[in-house]
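# Reading the structure
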Amino acid sequence: MDGKTVTPPIDECIAKVAELLLAELDEVGDEMDAAEIELSPALGADAAILADTSASNRAVVRRFLTMCVRSEGSPVSVDVDVPPEALDAARTVARRGIEFDVIIQAYRRGTYVAWRRWLANAARVVPPGPELVEFLEASSRLVFDYADRVLGRVLEEAHRERERVLGGALARRTETIRLILDGAPIESRRASERLGYDLARRNTALVLWAEPPGDVQGALESAATLLARAVGARGPLTVPAGTSTLWAWLSTDGDLKPGALREEITQAQPNVRVAVGPTKSGITGFRRSHDGALAVQRMLAGHADGDRLALYHELEVTALAAQDLDRAAEFVTTTLGPLSADTQSAGRLRETLRVFLNEANNAPQAAARLHTHRNTVLQRVARATELLGHAPGERRLAVELALELAHYLGPRVLSR
């Protein structure tokens, strides 16, 4: 700050505008996310870095607005109080090898979005005239001064993290993996030696993450080790992909047994979730399996009630259909009609019909999976059929796909 203070009426106006903006925090955050990713697509390259970017945006705005509200009745001054989510996002950028200019551009674009929303709310609180001019001068100093100071701290943390990553074996491993994933011309034997991992065998990629997020790298590493042991792999090749995300690969002689993986994940920390890519051979398979695991994670991330472990080979068609969320949501609504409602009752009917169709219309088997009675299953299927407006078998493929999308994507494709 430049030492200036503002009159109490302006303080009160700033607090009122901040309160209005707090009520719109999710909308502001979504707009910031979209604007920053449009400018720097690397910030939305996958679910992990997108989650860190989104959490950072919301945390920074929330912290600033909360301090403005609390300052009502006293000279406005916003201390540099950087939320941990912003520092986590900086560490993720550093670990991914993304240029730090991306951080600078993202903060500039995000601040512009927040300032535009601030002005829109100011028009609801401050009348035109000298008071509005004073309000805009005072609040612009607050907004841009805070953004600049947070950016400075974030860049410092990113540089520190980059120095840590570049300091040894993790740096070599991260760089080699990045070259492979980018499709760079690197010889398989040399890459295997640098990684201490046999790329020539069968490779299965895992993406492990935590919901809710947190500093859980130890729990993710432990879960990766449990899964490797369950399928007879020597040990996982791992690299942190964010504060709450871990990329891992298992090298085996053959395909994995899904049952062993699902049984073992129950021994991991409860909030750990895993997306499993297809098992592929060689250095190309290493990359393609990772792409598959990322596709599954994009489907599951943010839907905390979903499966703890999901396999690409079981969800390949659903993952392909989910690549365009807007079209997927339109497909679900058109196909399921009233059954696509984002309500508890519709959800119960959808899940019953989904399991019933998966079990080839076998009500006793569906009842066993759903832990309910056969007659309950049949009653729910009858009600779901009524809402569909036709027998599920008439458009079985479309109905089953819509049910799978609704199951794995949840509110993102349901009707409100």
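Residues numbered from 1 in each chain as written. Predicted model: local features only at pLDDT ≥ 70, side-chain atom pairs only at ≥ 80, totals over all residues. Heavy atoms only, no water.

### As for the overall build of the protein
Cut-off, in case you're wondering: Secondary structure elements follow DSSP: runs of H or I of four or more residues count as helices, runs of E of two or more count as strands, with numbering from the N terminus. The classification of residues rests on relative accessible area computed with a 1.4 Å probe and restricted to protein chains. Under 20% of the type maximum is buried, over 50% is exposed, and intermediate values are partly exposed. By the convention used here, residues are in contact when the closest approach between their heavy atoms is within 4.5 Å. Values of accessible area rely on a 1.4 Å probe in the Shrake-Rupley scheme; residue burial ignores everything except the protein chains shown.
Along its length, the protein carries 17 helices and six strands. Principal-axis analysis of the C-alpha atoms gives the protein an extent of 75 × 60 × 35 Å. In the protein, which comprises 416 residues, the proportion classed as buried is 50%. The contacts of the protein with a sequence gap of at least 6 include a subset with a gap of at least 24, amounting to 75%. Per element, the accessible surface of the protein, about 19500 Å² overall, is 51% carbon and sulfur.

### Some details on unusual backbone geometry
Backbone geometry at N361 places phi at a positive 65°, although glycine is not the residue there. Looking at where N361 falls in the secondary structure, it is placed in the loop between α14 (344-358) and α15 (363-370). In the Ramachandran plot, H371 falls in the positive-phi region, its phi being about 55° despite a non-glycine side chain. Tracing the backbone through its elements, the reader meets H371 in the loop between α15 and α16 (374-388).

### Things to note about the packing of helix α9 (residues 217-230) against helix α10 (residues 258-265)
What counts here: A fitted line through C-alpha atoms represents every axis, and for helices the fit uses only the stretch in contact; the resulting angles, taken between N-to-C directions, go from 0 to 180 degrees. In this scheme the handedness of a crossing depends on how the near helix is turned from the far one: anticlockwise by less than a right angle means left-handed, clockwise means right-handed. Lys, Arg, Asp and Glu make up the charged group, whereas Ala, Val, Leu, Ile, Met, Phe, Trp, Tyr, Cys and Pro make up the nonpolar group; the residues left over, Gly among them, are polar.
Two elements in contact, α9 and α10, have axes whose closest approach is 9 Å; the angle formed by their N-to-C orientations is 145°. In terms of crossing hand, the pair formed by α9 and α10 is right-handed. Residues L226, L227, R229 and A230 of α9 touch α10, and the partners they reach there are A260, L261, E264 and I265. Taken together, the residues of the contact of α9 with α10 sort by class into six nonpolar, no polar and two charged.

### Some thoughts on empty space enclosed by the protein
Basically, it comes down to this: For cavity detection a 1 Å grid was placed over the protein atoms alone, and a set of points counts as a cavity when a 1.4 Å probe fits there but cannot get out; an open set counts as a pocket when protein lies on both sides within 12 Å along at least five of seven lines, with lining residues being those that have an atom within 4 Å of a point. Grid points are joined across faces, edges and corners, and a volume is the space filled by probe spheres set on the points.
Tallied over the full model, the rule gives two cavities of 30 Å³ or more. Reported here for the largest cavity is a volume of approximately 390 Å³. As for the largest cavity, its lining consists of 28 residues, of which M32, E36, N57, V60 and Y107 are closest to the centre. Only α2 (25-39), α3 (47-70), α4 (84-96), α5 (101-125) and α6 (130-165) provide two or more residues apiece to the lining of the largest cavity. For the lining of the largest cavity, the element with the highest residue contribution is α5, accounting for nine residues. Residue composition of the lining of the largest cavity, by class: 22 nonpolar, five polar and one charged.

### Considering the layout of surface pockets
If a probe as big as a water molecule is rolled over the atoms, it shows which places are left empty. Roughly 1100 Å³ of internal volume is contained in the largest pocket. Of the residues assigned to the lining of the largest pocket, the class counts are 18 nonpolar, seven polar and nine charged.

### Details of the pairing of strand β2 (residues 237-242)
Basically, it comes down to this: Two strands are counted as paired when DSSP detects at least two bridges linking them.
For β2, a buried count of six out of six residues is recorded, marking the element as mostly surrounded by other parts of the structure. As judged from the five bridges shared by β2 and strand β3 (residues 245-252), these two strands associate in the antiparallel manner. The partner of V239 across the bridge, within β3, is W247. Between β2 and β3, which pair antiparallel in sequence order, lie two residues.

### Let's talk about the side chain of E161
Inclusion rule: Counting of polar contacts relies on pairs of N or O atoms within 3.5 Å, with two restrictions inside protein: one atom must be capable of donating a hydrogen and the other of accepting it, and residues adjacent in sequence are counted only when both atoms are side-chain atoms.
The topology assignment puts E161 in helix α6. In terms of polar contacts, E161 uses its side chain to reach the side chain of R95, at 2.8 Å. Setting aside residues no more than four positions away along its own chain, E161 makes contact with R91, A94 and R95.

### A look at the domain arrangement of the protein
For clarity, the cut-off: Bear in mind that the domain bounds are from an automatic or database domain assignment.
Parsing the protein into structural domains produces domain 1 (10-165), domain 2 (199-318) and domain 3 (324-412). Using C-alpha coordinates to define each centre, domain 1 is positioned 41 Å away from domain 3.

### Remarks on the nonpolar core
Just so we agree on the cut-off: By nonpolar core we mean a set of buried residues, namely Ala, Val, Leu, Ile, Met, Phe, Trp, Tyr and Cys, connected to one another through side-chain atoms within 4.5 Å.
Ranked by internal contacts, the top residues of the largest apolar core, which has 59 residues, are W249, F286 and L353. Per-domain counts for this core show at least three residues from each of domain 2 (199-318) and domain 3 (324-412). In this structure, W249 is in contact with I177, L181, Y197, T204, A205, G235, P236, L237, V239, F286 and H290, ignoring residues within four places of it in sequence. Counting residues in each nonpolar core, the second largest holds 45 residues, with I14, I49, V113 and F135 among its members.

### Remarks on the pairing of strand β4 (residues 272-276)
In terms of burial, β4 is a largely internal element, five of the five residues being buried. Here β4 shows a buried face lined by V272, V274 and V276 and a second buried face lined by R273 and A275. Sheet topology places strand β1 (residues 202-210) next to β4; five bridges connect them, and they run antiparallel. Residue V207 lies in a different strand from β4, and its bridge partner there is A275. Direction of pairing for β4 relative to strand β6 (residues 309-311): parallel, over a ladder of three bridges.

### Focus on helix α8 (residues 188-195)
For an α-helix, the turn length of 3.6 residues means that residues three or four places apart are oriented alike. For clarity, the threshold we go by: It is the directions from the helix axis to the C-beta atoms whose arc is reported.
Of the residues making up α8, those classed as buried are A191, S192 and L195. Buried positions in α8, seen along its axis, are confined to an arc of 100° and lie on one side of it. Exposed residues pointing more than 90 degrees away from the buried face of α8 are listed as R189 and E193. In this fold, the buried residues of α8 make contact with α7 (169-181), β2 and α11 (282-300). The backbone nitrogen of R189 has a side-chain oxygen 3.1 Å away, supplied by the residue at the start of α8, namely E187.

### A closer look at the environment of L357
For L357, the location among the structural elements is in helix α14. Through-space distance from the C-alpha of L357 to that of V381 is 9.7 Å; in sequence the pair is 24 residues apart.

### Overview of helix α12 (residues 312-321)
For α12, every residue scored as buried is listed here: Y312, L315, T318 and A319. Projection of α12 onto a plane perpendicular to its axis shows the buried side chains occupying an angular sector of 125°, all on one side. Seen from the open side of α12, the exposed residues pointing more than 90 degrees away from its buried face are H313 and V317. Looking at the packing, one finds that the buried side of α12 touches β4, α11, β6 and α17 (396-409).

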